Amino acid sequence: MHLLLSLVFSMFSFWLHVSLHFLNPPRRGPAGGGGGGTKSMGFGGLEPDRPEFHFCLCHCGPDSNPRRNYLISPNPESSSSKLGSLICATMDQKIISLAAEKTADRLQEFLQSLKDNDLANLLQNQAVKGKAAGALLRAIFKGSPCSEEAGALRRLKIYICGIHLVESGDLQKEVASEIIGLLMLEAHNFPGPLLVELAREFVGAIEEGSLTNGRSLELLPIILTALVANKENLAYGKGVLSGEECKKQLINTLCSGRWDRQYVIQLTSMFKDVPLTAEEVEFVMEKVLRMFSKLNLQEIPPLVYQLLVLSSKGSRRRALEGIITFFSELDKQHNEEQSGDELLDLVTVPSGELRHVEGTVILHIVFAIKLDCELGRELLKHLKAGQDFSNNICPFSIALLLSVTRIQRYEEQVFDLLKASVVKSFKDLQLLQGSKFLQNLVTQRSCVSTMILEVVKNSVHSWDHVTQGLVEFGFILMDSYGPKKILDGKTIETSSSLSKIPNQHACKLGANILLETFKIHEMIRQEILEQVLNRVVTRASSPISHYLDLLSSIIMYAPLVLQSCSSKVTETFDYLSFLPLQTVQGLLKAVQVHVDVHSRYNSVANETFCLEIIDSLRRCLGQQADVRLMLYEGFYDVLRRNSQLANSIMQTLLSQLKQFYEPEPDVLPPLKLEACILTQGDRISLQEPLDYLLCCVQHCLVWYKSRVMPLQQEEEEEEGFYQDLEDMLESVTSRMIKSELEDFELDKSADFSQNSGVGIKNNICASLVMGICEVLIEYNFSISNFSKNKFEEVLSLFMCYKKLSDILNEKAGKGKAKTANKMDSFLSMKFVSDLLTALFRDSTQSHEESLSVLRSSNEFMRYAVSVALQKVQQLKETGHVSGPDGQNPEKIFQNLCDITRVLLWRYTSIPTSVEDLGKKEKGKSISLLCLEGLQKIFSAVQQFYQPKIHHFLRALDVTDNEGEEAEGSVSHRAAFQIRQFQRCLLNLLSQEEDFDSKEALLLVTVLSNLSRLLEPSSPQFVQMLSWTLKICKENSWEDASFCKGLMNLLFSLHVLYKSPVTLLRDLSQDIHGHLGDIDQDIEVEKTNHFAMVNLRTAAPTVCLLVLSQAEKVLEEVDWLITKLKGQVSQEILSEEASSQATLPNHPVEKAIIMQLGTLLTFFHELVQTALPSGSCVDILLKDLCKMYTILTALVRYYLQVCQSSGGILKNMEKLVKLSGSHLTPLCYSFISYIQNKSQSLTCTGEKKGKAPAVATAMARVLRETKPIPNLIFAIEQYEKFLIHLSKKSKVNLMQHMKLSTSRDFKIKGNILDVVLREDEDDNEGTASEHEGQNKEPAKKKRKKEMKCLS
């Protein structure tokens, strides 16, 4: 038996040697290569035919043959191939069977007997065929223990062979996964040196770009983890390092080298499984972020996903910052490429593709934040910090924030952040636009509002996750920053597009967000409309004009949206009778837009919907008069837009009017006023707004006769309605003229008090009569065709109106007179324009006789101008005017142009001085009213019609040159108008005896309005500034209001040309010279820079003005310092910060120091000035406190600069010296002056013995001394930080500062005795000689007192 086994074994050995011979044939040339090899990945070529190969992997490189003939001859029919396969199969089974034994001794012995490349070839052959490669690999590892050198080397070779097989891509997916899993398990068994070699080969392969598919990268984290766990010291390079240090070096080398772009995502994913320190995470993060720009756009989202996963190990903020910065720069590049026509063909990234990628990235970040709360907190921190100094706030980051609002825990924080950013952006913009000083120093960045609207535009690319946030944010802005109620019930309107109030801009932005979102996203339109309607109904007690404006814009853009929300709209109209008049008015006018444009759409659907609304409106006809009033106003607009409804509308009006019309021609008055008034017990109210009804009738009648009847002359049967209305108006006119006030029971003896029922009733009747008179005035003028008789009737109607108006003003009392004048006129704006043109500009010969009737009455002409003023004031307050076309901006603008042209001619042709000569009438002159109207119109046009300023000015220029270029013409045309008013002001100033300060102030206001139209860089602006400066320097008028207006004009111009600090310094010297010094022994030399500053105007007028301007300059400086501190903070946080980084700030620093230095001389003058008690002293103390606070902020900025290896400027040292020598000591002297003056005021009040006088004096003392402790604290804080800066900068900044001890508040007995003795002397009332003798000692005592206190 033993002999038989020996024979079998001998035969097996023989066949084994034969198979190995065929398995390792002699080396052949390239032509003899076979198939089935693997691709080299840079770990060293495993060549079976090279016996000199050894396991030092550093000898292997990328030059190895890419395909090796590891297996048998490619000829499958050859006998050697069959034999080789048979032997390989036999060897495979042999190894697996030996591995099944309990001990591995025989397995190790057998593996040791094989040649080096036999196992590798065997493993490759089995793996490629998809056979039991895993079992074979497991067996080989079992027979290659790391405790023996040979076993470790064999294990290493097989491990590398397995890596090659996985990387080659020749294996089935299941086989490759099995091999990877086994290699992962075995990595921890390697000794440290071999782990280092494996890791270095991986790093080398990555740097050389020799990876094939990157699948083997899954092993590198395992190897690095095993390396960290290894406790032995390892040879690395020329030194010996621990496993942790080796890993750090390897990662350093890997991140410093080149990465093939196709493996960036896999490498990033790999690092999430590597144990990394915070420093290593940051290093890897920077490498990945640098690779962003080298990848295709479509590869960015998966990379961002892997980066966010990696950020869970640390550096979350850096990851977010890098992502945001990348897309911010990409957006800028994309916008620049699309901005120029010549670059349209060179656009690198299509807009749609970029937005889709951004949307996907945003979704990845939001998903990561849901899983990692810390990531969300870091995002908010990053975007809150340094909003002005980097690309933090950009369209991409705003879209990201809006998406994050879908996470409930961050919703409120994100919206608060966005709100703060919006308001801050508008405030910064306001500050920049109002200061040439800031414009020269700071580059204006894109406004946040522009970015948000860009996000709205970008959201069209399937950004559903952003859209909901946009809608919510839009409503939040409108809710938070909409108009607010004030005490008298009025509201602060936000209709002005040029309002400089940031909150109003924010509200307008909210409306724009909602409107633009509404336009882009149809799916969300219904939600937006419903939310607007909800706010209109539920917030009726608050101002909702901004919601009504938005509703009107929405319906204008998409009228059919009302049908999609028909149930909500009809529900809203059901509440009309319960809503305030203004709400009803706005709602009806918004829906009228739908009526105007509905003809473009399905008429049947619109008719059905309109009938539903009308049903709701009919229910309101039986309700309050205010609602019917609105319906009467709307009938005219409906008639013009739908002439088919004319018959029904006119018939309705006729039947309504007949209820209150006296048909008998001899009955006076012609209308039943009693039927218009409702009496319910003690409550008396208006039941029928007859004046509005009559107004509606006359407008509809005039329009129909001029537009419709000429086209329907053949249809005689329809003319009866209009003839009836015409006859009724004619009869009412003639009988109203014949009626006396007694016929209405409204003569002078009538009761018009608001405390009795009769008085209230008479007031209502008087209002109706006045309104009817105005309606008839317009009607008869419109149909007059310049008939003298008709104009006489017009004048008679006016006299009736005026009599009643005079009685109301007289009877209602002073407190109620203003109420009577506040009634809106029934004259339409178009009629007012035509009337003024006829009165003042019509020179047609045939009209002269008839117009002379109206021109003979100055009262009527004054009334016409007054109504024009009322209309313009109504426009400024509400954005529209009453009457026809009152909601049409184009018609209003045209009327404004016509009215302005007339008023301008009237004022410049007939000055006030000429008109008033010999005429002493009550009220303002017509010229003065014209000037007041011009002032209001110029303001209103800039408020509502800024884009049409050029057309407005052109309409005023009767000598317009059509060939003049439009470019730059606004400044030229405005300058022309300015010169007219300048001449008027100079003429007025030349009249020393008859100087009218009201007219002068109006002229200054007009000049201020017109000067805003001048481009600050234009020569016209410089000329205007020079002229204003000359007026202020050469004219000395002791009128405080005129002085204030002129100085305000000077400052408003000066700040747009250059900083006003030198102006402030000169004015402070003038104030000091006129008011004297706080030390009465010092005589101040008068400088007289500005004649406008005199003893009458120096305080409080000019003093308060200069203090207000100084406060604005301090605000600008504070804003600049805040920006500088933010920049330094960013540089300190950045690793790249260096001393050179602060160099660009030097010009800003110098400008800040120069501003503060000049302001310091300004305060130096004022703190020595004997200012009167009151607001001047109070505001000066507060401004001084702010001055020291800002000086402290500047010192703290230089503390930061010194921390980042910077230094302080020489000018800063000079500023500190100046503050110590010229301001701080004088501040303490001024404080003593105030305290002494307050003490004397208190004593004076006590001497008078009147409690009110004492209380008033004490209140003034408390008010003026309250800011003193704040000022002293600010000074001491300034000195405290100066000491710190001196130590840090090694510069003695305290050598010129005298530290004060004036805050020693201990009670000193000797001083108290002196004060008490003085009080006793005053109370005894000693003789004047005795007082004269004691005056000097008392003064010395006060000086001693100050000396002790100091």
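Shown above is the structure to which this text applies.
Basis of the calculations
- Residues numbered from 1 in each chain as written.
- Predicted model: local features only at pLDDT ≥ 70, side-chain atom pairs only at ≥ 80, totals over all residues.
- Heavy atoms only, no water.
- Axes fitted to C-alpha atoms, helices over the stretch in contact; angles between N-to-C directions.
- Helix = DSSP H or I, 4+ residues; strand = E, 2+ residues; numbered from the N terminus.
- Parallel < 35°, antiparallel > 145°, perpendicular 65-115°, else oblique.
- Left-handed = near helix turned anticlockwise from the far one by under 90°.
- Contact = heavy atoms within 4.5 Å.
- Pairing = 2+ DSSP bridges.
- Patch = residues over 30% accessible without salt bridge, like charges linked within 9 Å, V, L, I, M, F, W, Y side chains within 5 Å.
- Areas by Shrake-Rupley, 256 points an atom, 1.4 Å probe, with all protein chains shown as cover.
- Salt bridge = Lys/Arg side-chain N within 4 Å of Asp/Glu carboxyl O.
- Buried < 20%, exposed > 50% of the residue type's maximum accessible area, 1.4 Å probe, protein only.
- Phe/Tyr/Trp six-rings, centres within 6.5 Å; stacked < 30°, edge-to-face > 60°.

Any two packed helices are characterised by the angle at which their axes cross and by the distance between the axes. The geometry of helix α38 (residues 858–878) relative to helix α39 (residues 889–909) is characterised by a closest axis approach of 12 Å and an angle of 140° between their N-to-C directions. By the angle between their axes, α38 is oblique relative to α39. The two elements α38 and α39 meet at a crossing, and its hand is left-handed. Only Ile892, Leu896, Ile899 and Leu903 of α39 make contact with α38, whose side of the interface consists of Val865, Ala868, Val872 and Leu875.

So, on to the pairing of strand β4 (residues 683–686). Of the strand pairs in this sheet, strand β3 (residues 677–680) and β4 are connected by four bridges, and their pairing is antiparallel. Bridging across to β4, Thr679 finds its partner in Ile684. Between the end of β3 and the start of β4, which pair antiparallel, lie two residues, with Gly681 showing a positive phi angle near 70°.

Once that is clear, we can look at a nonpolar patch on the surface. A cluster of nonpolar residues, Tyr305, Phe367 and Leu371, forms a patch on the protein surface that exposes about 330 Å² of accessible area. The topology assignment puts Leu371 in helix α15 (residues 351–371).

Quick look at the side chain of Asn1035 now. Within the secondary structure, Asn1035 is located in the loop between α45 (1019–1034) and α46 (1040–1054). Given the relative accessible area of 16%, Asn1035 is considered buried.

This part covers the environment of Asn440. Here Asn440 shows up in the loop between α19 (436–439) and α20 (448–458). Spatially, the C-alpha atom of Asn440 lies 9.6 Å from that of Val1148, the residues being 708 residues apart in sequence.

A large share of helix α11 (residues 264–271) lies buried, amounting to six of its eight residues. By the burial criterion, the buried members of α11 are Val264, Leu267, Thr268, Ser269, Met270 and Phe271. If you follow the buried residues of α11, they end up packed against α8 (192–208), α9 (219–229), α10 (243–256), α12 (278–291) and α13 (300–310).

Okay, the packing of aromatic side chains next. A full pass over the atoms with the stated rule returns 24 aromatic pairs. Ring geometry for Phe326 against Phe327: centres 5.1 Å apart, planes inclined by 80°, an arrangement best described as edge-to-face. Between the aromatic rings of Phe893 and Tyr945, the centroid separation amounts to 5.2 Å while the plane-to-plane angle is 45°, which identifies the pairing as tilted. You can see Phe893 sitting in helix α39 and its partner Tyr945 sitting in the loop between α41 (926–944) and α42 (949–956), a full 52 residues away along the chain.

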